[in-house]
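Coordinate analysis (summary)
Chain by chain, the residues run as shown.
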Amino acid sequence: MTQLNTMDKIKERVQKLLNQAADREGTPEGDAFYDKAFELMASYGFDERDLGTKQVGDNISRKVFAFSGAYTDMQAYLLNSLVRGLHCVAFSAGTYRSTKVKQMTVFGAERHLDRVDLLFSLLNPQMIVLAKRVRAHPELGVSAVVARRSFMIGFASRVGERLRQAEKTVSDSSNGYAVALIDDAAKAEAARDAFAEEEGITLASSKSRRSMDADSYFQGVDAGNGSDIGQTRLRNRAALPR
């Protein structure tokens, strides 16, 4: 079986699990389906890594993800959560004096980039669809845009946490694999820095000062978690600065 066919089969299985998780949002069953999806991705990464032989998937490469439609900043936020969870690094290109993000350039081992690409293609539309269900609370000064953006931050953050935990569980089973993952991340960072220097790009971090609604954020966490694990509800509080 070729690696491409293997990835196709993995994608089908992960897609099914994520769909089942979304259909059972807010239930223990949904929680279990999310766990299975991320555990499958982590196991695939481990199975494809031969610690004793240099492979094509070990090569450090880069991939550009272009964003379109609404909430491109939140799409970028989700992608970056996946990037950090899968031993890659990235930088994004935004629009001056705008929340829009044009694209994100991701660096990492090819096998990790494949998994980032796969998960983003599945989770990004799911996040957008779920966010559209979130409603404004004008009585609290919370607009639909603020509520939905807050939801997506919560969703992306929780998905990233779950993904990192799945990766850690697998890497803890093999010291050699854990070391290899650290090496992958270091090489990805070096590749990003070398590319930025060659292209004359100055890398800098940025922070958003937009408002965030706590209740909508925790709704997103619940959706990314697959079930409500009892987070404190803060609907009666005003929008919080981020």
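Overview of the structure.

Calculation criteria
Residues numbered from 1 in each chain as written. Predicted model: local features only at pLDDT ≥ 70, side-chain atom pairs only at ≥ 80, totals over all residues. Heavy atoms only, no water. Salt bridge = Lys/Arg side-chain N within 4 Å of Asp/Glu carboxyl O. Phe/Tyr/Trp six-rings, centres within 6.5 Å; stacked < 30°, edge-to-face > 60°. Helix = DSSP H or I, 4+ residues; strand = E, 2+ residues; numbered from the N terminus. Buried < 20%, exposed > 50% of the residue type's maximum accessible area, 1.4 Å probe, protein only. Pairing = 2+ DSSP bridges. Axes fitted to C-alpha atoms, helices over the stretch in contact; angles between N-to-C directions. Contact = heavy atoms within 4.5 Å. Expected span 1.5 Å × (residues − 1). Parallel < 35°, antiparallel > 145°, perpendicular 65-115°, else oblique. Left-handed = near helix turned anticlockwise from the far one by under 90°. Polar contact = N/O pair within 3.5 Å; in protein donor to acceptor, adjacent residues only side chain to side chain.

With that out of the way, let us pick up the pattern of salt bridges. Overall, the coordinates contain 13 salt bridges when judged by the stated rule. Several salt bridges share partner residues, and in doing so they unite Arg49, Asp58, Arg111 and Asp184 into one network.

Two numbers describe a pair of aromatic rings. These are the distance of the centres and the angle of the planes. Counting across every chain of the model gives nine aromatic pairs. Ring centres 5.9 Å apart and planes at 85° place the aromatic pair phenylalanine 65 and phenylalanine 120 in the edge-to-face group. Linking phenylalanine 65 in strand β1 (residues 60-66) with phenylalanine 120 in helix α4 (residues 110-131), this pair joins segments that are 55 residues apart in sequence. Note on tyrosine 217 and phenylalanine 218: the rings are 5.3 Å apart at their centroids and 75° apart in plane angle, and the pair reads as edge-to-face. Overall, tyrosine 217 belongs to the partly exposed group, its relative accessible area being 22%.

Turning our eyes to something else, we now look at the sheet that holds β1. Across the sheet, three strands lie side by side as β1-β3-β2; this open sheet has antiparallel pairing. Edge positions in the sheet fall to β1 and β2 (89-94), since each has one partner strand and no second. Each strand of the sheet is rotated relative to its neighbour by a mean of 15°, with strand direction disregarded. Note that β2 and strand β3 (residues 101-109) share six bridges and pair antiparallel. Across the sheet, the residue bridging to alanine 93 is glutamine 103, located in β3. Each of β1, β2 and β3 touches helix α3 (residues 72-85); the most contacted strand, β3, lies at about 10° to it.

A word on helix α2 (residues 28-47). Helix length check: α2 (20 residues) gives 28 Å between terminal C-alpha atoms against 28 Å at 1.5 Å per residue, within 8%. Among the residues making up α2, those that are buried are Gly30, Phe33, Tyr34, Ala37, Phe38, Leu40, Met41, Ala42, Tyr44 and Gly45.

When you line up the elements, phenylalanine 151 lands in helix α5 (residues 144-171). Here phenylalanine 151 is in contact with Met127, Leu130, Ala131, Val134, Ser216, Tyr217, Gln219, Gly220 and Ala223, once residues within four sequence places are set aside.

This part takes up the environment of serine 174. Relative to the helices and strands, serine 174 resides in the loop between α5 and α6 (175-199). As a C-alpha pair, serine 174 and phenylalanine 46 span 128 residues in sequence and 9.4 Å in three-dimensional space. With near-sequence residues (within four places) excluded, serine 174 lies in contact with Phe46 and Leu51.

A separate point is the packing of α2 against α5. At a minimum axis distance of 9 Å, the contact between α2 and α5 shows a crossing angle of 50°. Accordingly, the angle class assigned to the pair α2 and α5 is oblique. Regarding α2 and α5, the two cross each other, and that crossing is right-handed. Contact residues: α2 offers Asp31, Tyr34, Asp35, Phe38, Glu39, Met41, Ala42, Ser43 and Phe46, while α5 offers Phe155, Val159, Arg162, Leu163, Ala166, Glu167 and Val170.

This brings us to the side chain of arginine 149. Within the secondary structure, arginine 149 sits in helix α5. Accessibility expressed as a relative area gives 11% for arginine 149, which makes it buried. Of note is the side chain of arginine 149, whose polar atom sits 2.9 Å from the side chain of aspartate 73.

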